[in-house]
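Listed below are the residues making up each chain.
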Amino acid sequence: MSSADPRVKLLWAVLCTSGAVLFTKPGWMLGLTLFTAGGALLFGADLAAAGRRLKKFLPVLLMIAAVQVVFVRTGEPLVVSRGTVLVSREGLWRGLAAALRLIVIFCTGAVMVQEDSRRVINALAQMGIPYVFCFSLFTALRFLPLFIEAFGQALTALQLRGVDLRRVPWRQKLHLYNALLIPVLTEALCSVEKMAAAMEARGFGALPRRTIYRPAAMIGLDWVAAFVLLTLGLISVRIYFTP
């Protein structure tokens, strides 16, 4: 299925990320994560490389989960100290859900990053979607690994200056990661400006219509996969929202 039509992969990615937003129940969210990871393997994604990238964001992931656990006090109390609820069942679940959502995003991103951008753009353009929107969408997906790489380079620069992140206390480490976001975002914005200048120099958008050298065509297996995905998505939403 690694050679499946890009529109099938996009449909799978949209269903998985939409489910990550809609589902709030623990069992459903865990099932969605397993479904996403299985789909990523089926589509030929390199989950080992995605795991290594995710490892760099592990502190940020833990920070997001910790915020949910600490500040959400509703639900059944799990840890109580001197009459104060420190950890509740709802807070623990929301922290876990935040981590699972990030895993879903990384799995779908791992599939789409490996896809040929020209195939995706041509397939969407054949569906009547404006070419400029298609190009912008896939460029945004391409910037995800660049953002991860920039964050890793910032961490490496700190280590080369003698900062041992393993010995830094967690409270100071959170402030450190917060300070790293500014240079990482600045580098991302610089990359966007360079790309925009290169596109303008090549006359991007100068003509009202573009021709397609290799049109995309869905085969029988692609149609079956798209039908199965749509059916599963509709059935899941119907069951989830049925009281």
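Residues numbered from 1 in each chain as written. Predicted model: local features only at pLDDT ≥ 70, side-chain atom pairs only at ≥ 80, totals over all residues. Heavy atoms only, no water.

### Describing the overall build of the chain
Logical step 1: Of the regular secondary structure elements, the chain holds nine helices and two strands.
Logical step 2: Sequence-ordered secondary structure for the chain, helices as α and strands as β, is α-α-α-α-β-β-α-α-α-α-α.
Logical step 3: Projected onto the principal axes, the alpha-carbon positions of the chain cover approximately 70 × 55 × 30 Å.
Logical step 4: The burial tally for the chain puts 33% of its 243 residues in the buried class.
Logical step 5: Intrachain contacts of the chain at a sequence separation of at least 6 include 70% that bridge at least 24 residues.
Logical step 6: Accessible surface for the chain amounts to roughly 15,500 Å². Of this, 66% is attributable to carbon and sulfur atoms.
Logical step 7: The averaged location of the 12 negative side-chain charges in the chain is 5 Å from the averaged location of its 26 positive side-chain charges. (Helix = DSSP H or I, 4+ residues; strand = E, 2+ residues; numbered from the N terminus. Buried < 20%, exposed > 50% of the residue type's maximum accessible area, 1.4 Å probe, protein only. Contact = heavy atoms within 4.5 Å. Areas by Shrake-Rupley, 256 points an atom, 1.4 Å probe, with all protein chains shown as cover. Lys, Arg positive; Asp, Glu negative; His and termini not counted. Charge placed at Lys NZ, Arg CZ, Asp CG, Glu CD.)

### Points about the pattern of salt bridges
Logical step 1: The tally for this structure, following the rule as stated, stands at one salt bridge.
Logical step 2: Close ionic contact of Asp5 with Arg7 constitutes a salt bridge, the shortest N to O distance being 2.8 Å. In this structure, Asp5 and Arg7 share a single accessibility class: buried. (Salt bridge = Lys/Arg side-chain N within 4 Å of Asp/Glu carboxyl O.)

### As for helix 9 (residues 220-241)
Logical step 1: The end-to-end C-alpha distance of helix 9, which contains 22 residues, comes to 32 Å, matching closely the 32 Å that a straight helix rising 1.5 Å per residue would cover.
Logical step 2: What helix 9 keeps buried is the set Asp222, Ala225, Ala226, Leu229, Gly233 and Tyr240. Considered in projection along helix 9, the buried side chains sweep an arc of 100° and stay on one side of the axis. Turned more than 90 degrees away from the buried face of helix 9 sit Trp223, Phe227, Leu234, Arg238 and Ile239, all of them exposed. (Expected span 1.5 Å × (residues − 1). Arc of directions from axis to C-beta.)

### A word on the domain arrangement of the chain
Logical step 1: Once the domains are mapped, the chain shows domain 1 (1-115 + 214-243) and domain 2 (131-212).
Logical step 2: Every contact between the two is made by 13 residues of domain 1 and, on the other side, 13 residues of domain 2.
Logical step 3: In this assembly, domain 1 packs against domain 2 so that about 1,300 Å² is buried in total across both faces, 82% of it on carbon and sulfur atoms.
Logical step 4: When the buried area of domain 1 at its contact with domain 2 is split by residue, Lys56, Phe57 and Val113 rank highest and sum to 36% of it.
Logical step 5: Linking domain 1 with domain 2 are zero salt bridges.
Logical step 6: Applying the counting rule to domain 1 against domain 2 returns zero residue pairs in polar contact (both at pLDDT 80 or more).
Logical step 7: Secondary structure elements with two or more residues in the side of domain 1 that touches domain 2: helix 3 (47-56), helix 4 (58-71) and helix 5 (89-114).
Logical step 8: The leading source of residues in the side of domain 1 that touches domain 2 is helix 4, at four residues.
Logical step 9: Grouping the amino acids of the side of domain 1 that touches domain 2 by side-chain chemistry returns nine nonpolar, no polar and four charged. (Domains from an automatic or database assignment. Buried area = accessible area lost by both parts, 1.4 Å probe. Polar contact = N/O pair within 3.5 Å; in protein donor to acceptor, adjacent residues only side chain to side chain. Nonpolar A, V, L, I, M, F, W, Y, C, P; charged D, E, K, R; others polar.)

### A few points about the nonpolar core
Logical step 1: Ranked by size, the top nonpolar core spans 31 residues in total, and within it Trp12, Met29, Ala40, Phe43, Val111, Met112 and Val120 carry the most contacts.
Logical step 2: Elements with a contribution of two residues or more to this core: helix 1 (6-22), helix 2 (26-42), helix 5, helix 6 (117-126), helix 7 (131-160) and helix 9.
Logical step 3: By residue number, the principal contributor to this core is helix 5, which donates eight residues.
Logical step 4: Residue contributions to this core reach at least three from each of two domains, namely domain 1 (1-115 + 214-243) and domain 2 (131-212).
Logical step 5: Excluding residues within four positions of it along the chain, Ala40 makes contact with Trp12, Ala45, Leu47, Cys107 and Val111.
Logical step 6: In terms of nonpolar packing, the next biggest core, distinct from the first, is built from twelve residues, Ile148, Phe151, Ala154 and Tyr177 among them. (Core = buried A, V, L, I, M, F, W, Y, C linked by side-chain atoms within 4.5 Å.)

### Quick notes on the environment of Ala150
Logical step 1: Structurally, the position occupied by Ala150 is in helix 7.
Logical step 2: Assessed through its relative accessible area of 6%, Ala150 is described here as buried.
Logical step 3: Taking C-alpha positions, Ala150 is 11 Å from Ser191, a pair spaced 41 residues apart along the chain.

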